[in-house]
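So the chains spell out like this:
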Amino acid sequence: MGVYRICRSFTVESGHMLSKHPERCRYPHGHTRRIEIVLTGTQLNDHDMIVDFKALKLALEETVEIFDHSMAVNSEDPMRKVLETMAPKGVVVFDHTDPTTEVIARDIFESVQEILKSGWSGKSKSGVRYEIPRNQLTVERVRVYETPHSWAEYGLSQL
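Bear in mind the structure is a predicted one, so any value in this text is a computation, not a measurement.

What counts and how
Residues numbered from 1 in each chain as written. Predicted model: local features only at pLDDT ≥ 70, side-chain atom pairs only at ≥ 80, totals over all residues. Heavy atoms only, no water. 1 Å grid on protein atoms, 1.4 Å probe; cavity = no way out; pocket = protein on both sides within 12 Å on 5 of 7 lines; lining within 4 Å. Points joined across faces, edges and corners; volume = space filled by probe spheres on them. Axes fitted to C-alpha atoms, helices over the stretch in contact; angles between N-to-C directions. Helix = DSSP H or I, 4+ residues; strand = E, 2+ residues; numbered from the N terminus. Left-handed = near helix turned anticlockwise from the far one by under 90°. Contact = heavy atoms within 4.5 Å. Nonpolar A, V, L, I, M, F, W, Y, C, P; charged D, E, K, R; others polar. Core = buried A, V, L, I, M, F, W, Y, C linked by side-chain atoms within 4.5 Å. Buried < 20%, exposed > 50% of the residue type's maximum accessible area, 1.4 Å probe, protein only.

In this structure, the largest pocket encloses a volume near 330 Å³. Lining the largest pocket are 17 residues, and of these Asn45, His47, Asp52, Glu131 and Pro133 sit closest to its centre.

Shown next, in the form of structure tokens:
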């Protein structure tokens, strides 16, 4: 049986601190991250797509936007409280884990997986209703670029 594969990319300006890192990455720094979310499906819908790209954008933007103009930190980082005081809505906390690019890719993968499992429906700004039926798509992988030359991804095992 054949499979269809699509990708929706997002770009965010994202900061992080890696408190376990031995060098400068332990300090606050940022990246222009490109996030690629690859989905698969075996059937086309009534519009001859596995899902409309607009539906995907609307359904996933909250998951991705949390990283835009925010600082991701380990819950145990000594700077966490200071950052949360300075920007209460601009800190993304990872429980006992450094927010490496690998960890961010896994976090987004798991969030997208939950959305696809339960399904999604919503409206665009122009009032058009979009839907992603539950359990009809699979997240194959999430690739997060830290720079134009380096990325990490999390996905289904290829073994």
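Now that the structure has been shown, we can carry on.
Let us look at the packing of helix 1 (residues 53–65) against helix 3 (residues 101–118). Their axes nearest at 10 Å, the elements helix 1 and helix 3 cross at an angle of 145 degrees. Along this stretch, helix 1 crosses helix 3, giving a crossing that reads as right-handed. Each of Ala59, Leu60 and Thr63 in helix 1 lies in contact with helix 3, whose residues at this interface are Ile108, Ser111, Val112 and Ile115. For the contact of helix 1 with helix 3, the residue count by class is five nonpolar, two polar and no charged.

Next up on the list: the nonpolar core. The biggest cluster of nonpolar side chains holds 32 residues, and the ones touching the most others in it are Ile35, Ile37, Leu39, Ile108 and Val142. When residues of this core are traced back to their parent elements, those giving at least two are strand 1 (4–16), strand 2 (29–41), helix 1, strand 4 (91–94), helix 3, strand 6 (129–132) and strand 7 (138–147). The element contributing the most residues to this core is helix 3, with eight residues. Ignoring anything within four residues of it in the chain, the contact list for Val142 reads Ile35, Glu36, Ile37, Ala105, Ile108, Phe109, Ala152, Glu153 and Tyr154.

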